[in-house]
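Listed below, chain by chain, are the residues.
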Amino acid sequence: MIYHGIKNTISSHRRRYGLMNKIGTGFRRVFRRFGRSSKLLSEMEIQILLSITNFTREEILQWHEKFLADCPHGYMTRKEFILMYKSLCPTDDAERFAGHIFRAFDIDKSNTIDFREFLIGLSMTSTTSSPQTKLRWIFQVFDIDGNGLLTRKECLEVIDIIVRFNQTQLTDEEDHETERLVHSAKRSMMKIFDNISGDRCNALTMTQFIEGCQKDEFISKLLTPTPESENGSTIIQNTENIPIVNE
């Protein structure tokens, strides 16, 4: 079963999306202690989710019920996540795009996503999260080898996929405009490296990445679009509308 329209399912009068200031190793250790096959949320787990998101207790329980209904084993595999994304956005670039998004959701790097990771991912990509919060999450998307630093090669690869995937949501075919946007995005990403003072910079820390993205208008609108943006990137919009699927 595919659950459509995630962002429209919470019935509270005021939509509340959570945010997490940092995906820290402390929380990773806490979440790892809760077995992946758990079908019930303990009071401790609920309290932790309440503290790191702006979801209410009722919303957390609602999401947990929906997640288990579609993922009865208690987690989503990488294959399931990619198939889900391809069903949501059936384009040639969907699989590569979903693979990078999966890495950001998979906090403990177990190659599966449990309910806590799923809820945190939704929180981080919410339209009401701050640009800094979104960029901290997006940093994980770009960090292909997971070493906490972004190389020029990683940034060029991921920004290429993001732009192409975004464009396929607007048109069925890639065209000259797509190539122009890809070129502009890559050039802007390289400027972030080049603007770092000192010797030639070949690796960005999270702080440098966030600061650089916020200073570049093109990249900022691409990765952290506002509701008023005419051509906002789907990296935020589509993760917020993720359906849950059965195996």
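None of these values were measured; they are calculated from a predicted model.

Chemist: Run through the overall build of the protein, naming residues and quoting values.
Modeler: Per the secondary structure count, the protein includes 12 helices and four strands. When burial is assessed residue by residue, the protein has 51% of its 247 residues classed as buried.

Chemist: For the UniProt feature "domain: EF-hand" (unreviewed entry) in the protein, give the residues involved together with the corresponding values.
Modeler: Per the UniProt entry, the sites bearing "domain: EF-hand" (unreviewed entry) are residues 93–128 and 130–165 in this numbering. In this annotation, residues 130–165 is assigned 72% helix and 6% strand; the end-to-end C-alpha distance for the span is 23 Å.

Chemist: If you had to explain the packing of aromatic side chains to someone new, which residues and values would you point to?
Modeler: A complete count under the given rule lists 12 aromatic pairs for this structure. With a centroid separation of 5.7 Å and 70° between ring planes, the pair formed by Phe 139 and Phe 209 is classed as edge-to-face. Of this pair, Phe 139 sits in helix H7 (residues 131–142) while Phe 209 sits in helix H10 (residues 206–215), placing them 70 residues apart in sequence. A residue is classified by how much of its surface remains accessible, and Phe 139, at 2% relative accessible area, is buried. By the ring-pair criterion, three or more aromatic residues cluster together here, those being Phe 81, Tyr 85, Phe 97, Phe 102, Phe 105, Trp 137 and Phe 165. Residue placement shows Lys 66 over the ring face of Trp 63; its charged tip is 5.9 Å from the ring centre.

Chemist: Can you lay out the packing of helix H2 (residues 43–52) against helix H6 (residues 115–124) for me, pointing to particular residues and giving the numbers?
Modeler: Remark: H2 packs on H6, axes separated minimally by 11 Å, with the N-to-C direction vectors making an angle of 15°. The orientation of H2 with respect to H6, classified from their angle, is roughly parallel. Relative to H6, H2 is oriented so that their crossing is right-handed. Contact with H2, carried on its side by Glu 45, Leu 49 and Ile 52, involves Phe 115, Arg 116, Leu 119 and Ile 120 of H6 and no other residues of that element.

Chemist: So, the pattern of salt bridges: which residues are in play, and what are the values?
Modeler: Counted under the stated rule, the structure contains 10 salt bridges. Note that Arg 57 is salt-bridged to Glu 43, the shortest N-O span being 2.8 Å. Within this pair, whereas Arg 57 is found in helix H3 (residues 57–70), its partner Glu 43 is found in helix H2, the two being separated by 14 residues in sequence. The residue Glu 45 makes a salt bridge to Arg 116 at a minimum N-O spacing of 2.3 Å. A residue pair is termed long-range when its members are at least 10 positions apart, and Glu 45 in helix H2 and Arg 116 in helix H6 qualify at 71 residues. Taken individually, Glu 45 and Arg 116 each receive the classification buried, so the pair is uniform in this respect. One network of salt bridges, with partners in common, ties together Asp 160, Arg 164, Glu 179 and Lys 186.

Chemist: Please give an account of the environment of Arg 103 that cites residues and values.
Modeler: Examined against the element boundaries, Arg 103 turns out to sit in helix H5 (residues 94–105). The residues contacting Arg 103, other than those within four sequence positions of it, are Lys 109, Gln 140, Val 141, Phe 142, Asp 143 and Ile 144.

Chemist: Would you mind going over unusual backbone geometry in detail, with residue names and values included?
Modeler: You will see that Lys 109, though not glycine, has its phi angle at about 55°, which is positive. The exposure class of Lys 109 is partly exposed, given its relative accessible area of 44%. In this structure, Asn 111 is a non-glycine residue whose phi angle is positive, near 70°. Inspection of the secondary structure puts Asn 111 in the loop between H5 and strand S2 (112–114).

Chemist: I'd like a description of the state of the cysteines, backed by residues and values.
Modeler: Counted under the stated rule, the structure contains zero disulfides. The closest cysteine sulfur to the non-disulfide-bonded Cys 201 is located on Cys 155, 9.6 Å from its own sulfur. Here Cys 213 stays unpaired: no disulfide links it, and the sulfur of Cys 155, its closest cysteine neighbor, is 7.8 Å away.

Calculation rules
- Residues numbered from 1 in each chain as written.
- Predicted model: local features only at pLDDT ≥ 70, side-chain atom pairs only at ≥ 80, totals over all residues.
- Heavy atoms only, no water.
- Helix = DSSP H or I, 4+ residues; strand = E, 2+ residues; numbered from the N terminus.
- Buried < 20%, exposed > 50% of the residue type's maximum accessible area, 1.4 Å probe, protein only.
- UniProt positions renumbered as here; feature names shortened; annotations may be inferred.
- Phe/Tyr/Trp six-rings, centres within 6.5 Å; stacked < 30°, edge-to-face > 60°.
- Lys NZ or Arg CZ within 6 Å of the ring centre and 35° of its normal.
- Axes fitted to C-alpha atoms, helices over the stretch in contact; angles between N-to-C directions.
- Parallel < 35°, antiparallel > 145°, perpendicular 65-115°, else oblique.
- Left-handed = near helix turned anticlockwise from the far one by under 90°.
- Contact = heavy atoms within 4.5 Å.
- Salt bridge = Lys/Arg side-chain N within 4 Å of Asp/Glu carboxyl O.
- Disulfide = S-S within 2.5 Å.

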